[in-house]
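# Results of the structural survey
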Amino acid sequence: MKFRYKVLFTNLILLSLGLGLVGYLMIHKNFELAKQTQLKNAIVQNNLVQSSVEYELLQLLNSVSDNSETSNNNTDNNNAEKSSISASSIVAQLPQIGSRVSSSVRSRDSFFYIYFDGEKVYTDDKSDARISDTLFKNLTTGNKNYVIKEESQKHYIYVTSQSVINEKNLWIVSKCDASEAYTLLDEQINYFRLIIIVILIAESAAMYFISRYMTKPLEKLNHVSEEIAQGDYATRVNVKSHDEIGFLAQKFNIMAQAVSDHVDELNDMVHRREQFVADFTHEIKTPMTSIIGYADTMRSLELPREEQMMALGYIFSEGKRLESMSQKLFELIYLRRHDIEKARVHMADLCAEVVKVVEPAYENRHLTIETEIEDTVLTVNRELLVTALVNLMDNARKASEEGQQVEVTGKFVDNMACNIPKDKTDIGEAESADDRKCTRAYEICIIDHGIGMTKEQAERICDEFYMADKSRARKEGGAGIGMSLVAIILEHHNAVLSVESEPGCGTTMRILLPW
C-alpha cells in the first residue's frame, strides 16, 4: 500500500473515532437532559394527581367525621364499626374520586392508577398495563419510585408515590409518555450519521489531494532511486521544500553524489589497472623482443666479434632495464601497501648525497649541477626521499642537452603564499608561537633547461608507464615508473609536487615538504 493511502486511511480512522466519540458524548448528554426533563414532568404530574386524590379523600373523611359527631353511640363496638365503614367508604369512593381527578388534572398522553391497601381500585389507562412490582418496593411516604418501560413502540415513565389513609397504604402511579426524548435521540443519531458521512467524504477528498501533494517529493525520491539503481548516477532530486522531506532530498543528493564519485573512482581504478596491465605488458614485450632477437641471431649466425659484442651490449642494456623496471615496480607496490618509518634528517646532507649519486651520469653527458641548499632538519625517510630526488634528477638529466646546467635549490617558503593544500601538508592557520612552525614549508626545486613538456604531458607525468617522449626515455633506459614512485613517496611524506614546464624552455619540479 502506498504511503499516501496509509496517511489517508489513518486520518479517516482517527477522524471517525474522534467524531464518533464527540457525537456520542453530545447525543448522550442531550438525551439525558431530555429524559430528566420528562422525568421532572412525570413527577410533577404524579404530585398533582396525588395532591388531588388526597384532597378528595380529605373531603370524604371530613364529611364522615361530621356525621360521626352527631351520633350518640360512643361505645368501642360502635367505634370499630365506624372505622370499618370509613375503609369501605374509601374503597367505594376512590373510583369516583379517580374519575373526577382524571377529568380535572390529567394531561394528554398521561394516565394514573390508584392502589389502596395493595389492590388496584382505579385507572384511566385503557391499555391497563401491568405495573412492575419494583415500583412498590422500599416505597415510603414522601419518596417516589420510577421506571421507564417500552410499550407499543413508545416509552413511558411510571412514577409511584405513597400516602397513608386510616393506616392503609394509598399508592398513586402516574404514567407519562416519554417518547419525545427517545424520538429526539433517534433524530439526533440519524442527523449525526448524515453529518459524519458528509464530513468523511469531504475529508477523504481533501486528505487525498493533501497527502498526494505531501508525498509527491517521496515519489520523486523513489523514481530517482530507481534510476540510480539502473545505473544513471547523474540523476538528482529536485525538491525545494524546507521541511524534513526537503532535508531528506538534500541528503539523498549528497549521497547520490558520493555514490557517483565512488563509482567514478572505481571505474577510474579499473581503467588504471587495465591500462597498467597493458602498459606493463608492452614495456616488458619490447625489451624481451630485443633480447630474444639478438640472442637468436647470435645462436643461429656466426657473427664477427664486434657484432657479437654489440648484440651482447643490447641484451645487457635491455636486461638492466627489465631489472630496473621490476625493482621500481616492486617498490611501488610495497609503498602502496605499507607505511614508512621516518627520522630527523639534515636536508643539506641528504641533497649532497643525491648529487653524489647522479654526478657520474651527469658528467657523462657533460652536464653541470648548481646547488643552493638551506640546511634544516626534517622528519623524513632518508632512503625513500633520496630515491625520489634521484628519479627527478635523472629525469632532468634525460631532458637536458649536453653542456646544459641543472639547478637544485632548497629553502623555506611561506606555506600560505605557495597555496599548499592543507590536506596534503597538514599545515594549520594558527599564528601562535606553538604553531608558528606549521605556517612554513621546505621547498626543494630541481630546474632544468631541456626540452620541456606540454601542459597535458605534465598532468599525466605521474601515471604508471607514461613517458612524455617514449623514444628518448627508452634510449636512456627509462621504464615510465619512476615518477609514479616519486608520487607515492611524496604522498607518504604529506608533500606536494608541482610541475611547471614549457616545451623548449625546460621544467621546474617543485617539492613542498611540511615543516
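Computed from a predicted structure; not experimentally measured.

### Overview of the environment of Ile-291
Along the polypeptide, Ile-291 turns up in helix H4 (residues 244-300). Distance from Ile-291 to Gly-319, taken between C-alpha atoms, is 7.6 Å for residues 28 residues apart in sequence. Residue contacts for Ile-291: discarding those within four places in its chain leaves Ile-315, Glu-318, Gly-319 and Leu-322.

### Let's talk about the confidence of the model for the protein chain
When pLDDT is averaged along the protein chain, the result is 80, and 82% of the positions lie at 70 or above. At the low end of the mean pLDDT range in the protein chain sits helix H8 (residues 422-425), at 38; at the high end sits strand S7 (residues 368-373), at 92. When the criterion is pLDDT under 50, residues 72-85 qualifies, and its contacts beyond four places in sequence or with other chains add up to three contacts. This stretch, residues 416-438, has a pLDDT under 50; its non-local contacts, to residues over four places away or in other chains, come to 31 contacts.

### Examining the nonpolar core
The biggest cluster of nonpolar side chains holds 36 residues, and the ones touching the most others in it are Leu-350 and Leu-389. Of all the secondary-structure elements, those providing two or more residues to this core are helix H6 (347-364), strand S8 (377-380), helix H7 (382-399), strand S9 (405-414), strand S10 (440-448), helix H11 (482-492) and strand S12 (506-514). It is H7 that provides the largest number of residues to this core, a total of eight residues. For Leu-350, the residues in contact, after removing those within four places along its chain, are Val-345, Val-380, Arg-382, Leu-385, Val-386 and Leu-389.

### Concerning the sheet that holds strand S1 (residues 110-116)
Strands sit in the order S2-S1-S5-S4-S3 across an open sheet of five strands; the sheet is antiparallel. Both outer strands of the open sheet, strand S2 (119-123) and strand S3 (144-151), are each paired with one neighbouring strand and no more. On average, each strand axis in the sheet is tilted by 25° relative to the strand beside it, whichever way the strands run. Relative to strand S5 (residues 168-177), S1 runs antiparallel, the two sharing seven bridges. Counterpart to Ser-110 in the pairing with S5 is Cys-176.

### Let's talk about the packing of H7 against H11
Orientation of H7 relative to H11, taken along the N-to-C sense of each, is 145°, at an axis distance of 9 Å. For the crossing formed where H7 meets H11, the hand is left-handed. Taken together, the residues of H11 that come into contact with H7 (itself represented by Leu-384, Leu-385, Thr-387, Ala-388, Asn-391, Leu-392 and Asn-395) are Gly-482, Met-483, Leu-485, Val-486, Ile-489 and Leu-490. The class makeup of the residues in the contact of H7 with H11 is nine nonpolar, four polar and no charged.

### What about the pairing of strand S4 (residues 154-165)?
Counting buried residues in S4 gives ten out of twelve residues, a clear majority hidden from the surface. One ladder, built from eight bridges, connects S3 with S4; its direction is antiparallel. In the sheet register, Lys-149 faces S4, and the bridge partner there is Tyr-156. The hairpin turn running from S3 into S4, its antiparallel successor, is two residues long, and Ser-152 in that turn takes a positive phi close to 55°. Looking at chain direction, S4 and S5 are connected through ten bridges and run antiparallel.

The rules behind the values
- Residues numbered from 1 in each chain as written.
- Predicted model: local features only at pLDDT ≥ 70, side-chain atom pairs only at ≥ 80, totals over all residues.
- Heavy atoms only, no water.
- Helix = DSSP H or I, 4+ residues; strand = E, 2+ residues; numbered from the N terminus.
- Contact = heavy atoms within 4.5 Å.
- pLDDT = per-residue confidence, 0-100.
- Core = buried A, V, L, I, M, F, W, Y, C linked by side-chain atoms within 4.5 Å.
- Buried < 20%, exposed > 50% of the residue type's maximum accessible area, 1.4 Å probe, protein only.
- Pairing = 2+ DSSP bridges.
- Axes fitted to C-alpha atoms, helices over the stretch in contact; angles between N-to-C directions.
- Left-handed = near helix turned anticlockwise from the far one by under 90°.
- Nonpolar A, V, L, I, M, F, W, Y, C, P; charged D, E, K, R; others polar.

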